[in-house]
Amino acid sequence: MRVNREGEPSYAGLTTFGKAPLVLDPADLAGADVAIVGAPIDETVSYRPGARFGPRAIRSADPNGGVPQSFPNMHVGVDFVDVLSVVDFGDAVVTPADPEKSHAAIRETVSTVARAGCVPVVLGGDHSIAHPDVGAVAAAVSPQPVGLVHFDAHADDAAEVYGVVRSHGTPLRLLVEEGSLRGEHIVQVGLRGYWPDPEDFEWARSQGFRWHLIDEVHDRGIDAVTSDVVAALSGLERVFLSVDIDVCDPAFAPGTGTPEPGGMAGWQLLRSVRRLAAELPIAGMEVVEVAPPYDHADVTALLAHRVVLEALGGMALRKLGRGPLPERS
């Protein structure tokens, strides 16, 4: 159903992502290319809570949207609205203070989208949602393997955090151990700081994980690193794109629960996501750890919103078959 009246600006009326039609009946997913899904949970964080408010903030961070819905992307030369059918499937019905039930609800919601043939774009929420949402996509396309591009300051492959297994620091370990992902199909970008422990990296190395620390991004440039990611996963027919907003320096993403200085600039993330979506077969996506209580002037929510827009622009370019984006340093 439409959520806007003729001539209504983005800040008025009901809020869906980009004023996309609101779809709550799974039957109405038929024919859609992409479905936005909210996953408002932050019970599993190890530091600052607040990411449960992320989906609403990301949807609202749209100063340029309006009627008609239009997002012409000057970098790819297309407006994804003209190429992709995008709907908003609302939020998974989470249960406050019960992460197990919430994860089950997220998995079922994302499964519904994936089984309908849509690409789920999940707005978090803390990064624990990767376990149910990546797992749901992997199950929907099984036995085909799924690759994962993981932008993050943190590896999120620990066995437990403070003795807790269901944590925003453990989803990759859970996904590999349950067989949803294979380690050699995981590439991480932007890691830095002082966690996790060396033994967790040894486990990841033994599983075939590949990663690009933030110093490599700074030294070689985001284009070179993105080329390596594309090369590493180009043989797969399904790739999930996971973006933890704390991959960016707190100067560009202050509104997050576990900020880590020294990260990527916002433009680097947008540039890389745009190209990855244009050159890899994206089967699912998430943007997580946007915590509005710590944001200033919607800086982080705006960046997260633009991450999704750039991905949609890249996906539209890929659907049109116009080839990869050119590298520029």
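Right above here is the structure, for reference.
Digging into the packing of helix H3 (residues 99–115) against helix H4 (residues 130–141)
When two helices pack together, their arrangement is given by the angle between the helix axes and the distance between those axes.
At step 1: One way to put it is that H3 packs onto H4 with a least axis distance of 8 Å and a crossing angle of 35°. Seen from above, H3 lies across H4 with right-handed handedness. Here His 103, Ile 106, Arg 107, Val 110, Ser 111, Ala 114 and Arg 115 of H3 lie close against H4, whose contacting residues are His 131, Pro 132, Asp 133, Gly 135, Ala 136, Val 137 and Ala 140.
At step 2: Residues belonging to the contact of H3 with H4 are distributed by class as follows: seven nonpolar, four polar and three charged.

A word on the environment of Pro 26
At step 1: With respect to the secondary-structure elements, Pro 26 resides in the segment before strand E1 (34–39).
At step 2: You can call Pro 26 partly exposed: its relative accessible area is 43%.
At step 3: Between the C-alpha atoms of Pro 26 and Ala 116, which are 90 residues apart in sequence, the distance is 7.9 Å.
At step 4: Each residue touching Pro 26, except ones within four places of it in the same chain, is listed here: Phe 89 and Thr 112.

What to know about unusual backbone geometry
At step 1: Gly 125 follows Gly 124 through a cis peptide bond whose omega is 15°.
At step 2: A cis geometry characterises the amide bond from Ser 142 onward to Pro 143, with omega recorded as 10°.
At step 3: For Pro 143, the position within the fold is in the loop between H4 and strand E6 (147–151).
At step 4: The backbone phi angle of Glu 289 is positive, close to 70°, even though this residue is not glycine.
At step 5: Relative to the helices and strands, Glu 289 resides in the loop between strand E10 (282–288) and helix H10 (299–320).
At step 6: Judged by relative accessible area, which is 2%, Glu 289 ranks as buried.

Describing the environment of His 150
At step 1: Position of His 150 among the secondary structure elements: in strand E6.
At step 2: Among the residues examined, His 150 registers a relative accessible area of 0% and is labelled buried.
At step 3: Linking His 150 and Gly 255, residues 105 residues apart in sequence, is a C-alpha distance of 19 Å.
At step 4: Not counting the four nearest positions on each side in its chain, His 150 is found in contact with His 127, Ala 155, Asp 156, Leu 172, Val 187, Gln 188, Val 189 and Ser 242.

What to know about helix H6 (residues 198–207)
At step 1: Of all the positions in H6, only Asp 200, Phe 201, Trp 203 and Ala 204 are classed as buried. Looking straight down H6, one finds that the buried residues subtend no more than 155° of arc, so they occupy a single side. Away from the buried face of H6 by more than 90 degrees, exposed residues Pro 198, Glu 199 and Ser 206 are located.

What to know about helix H8 (residues 222–233)
At step 1: In a regular helix each residue adds 1.5 Å, so 12 residues correspond to 16 Å; H8 covers 17 Å between its end C-alpha atoms and thus fits that length.
At step 2: Of all the positions in H8, only Ile 222, Asp 223, Val 225, Thr 226, Ser 227, Val 229, Val 230 and Leu 233 are classed as buried.
At step 3: On its buried face, H8 is in contact with E6, strand E7 (186–191), strand E8 (210–213), helix H7 (214–220), strand E9 (239–244) and helix H9 (266–279).

How each quantity is defined
Residues numbered from 1 in each chain as written. Predicted model: local features only at pLDDT ≥ 70, side-chain atom pairs only at ≥ 80, totals over all residues. Heavy atoms only, no water. Axes fitted to C-alpha atoms, helices over the stretch in contact; angles between N-to-C directions. Helix = DSSP H or I, 4+ residues; strand = E, 2+ residues; numbered from the N terminus. Left-handed = near helix turned anticlockwise from the far one by under 90°. Contact = heavy atoms within 4.5 Å. Nonpolar A, V, L, I, M, F, W, Y, C, P; charged D, E, K, R; others polar. Buried < 20%, exposed > 50% of the residue type's maximum accessible area, 1.4 Å probe, protein only. Arc of directions from axis to C-beta. Expected span 1.5 Å × (residues − 1).

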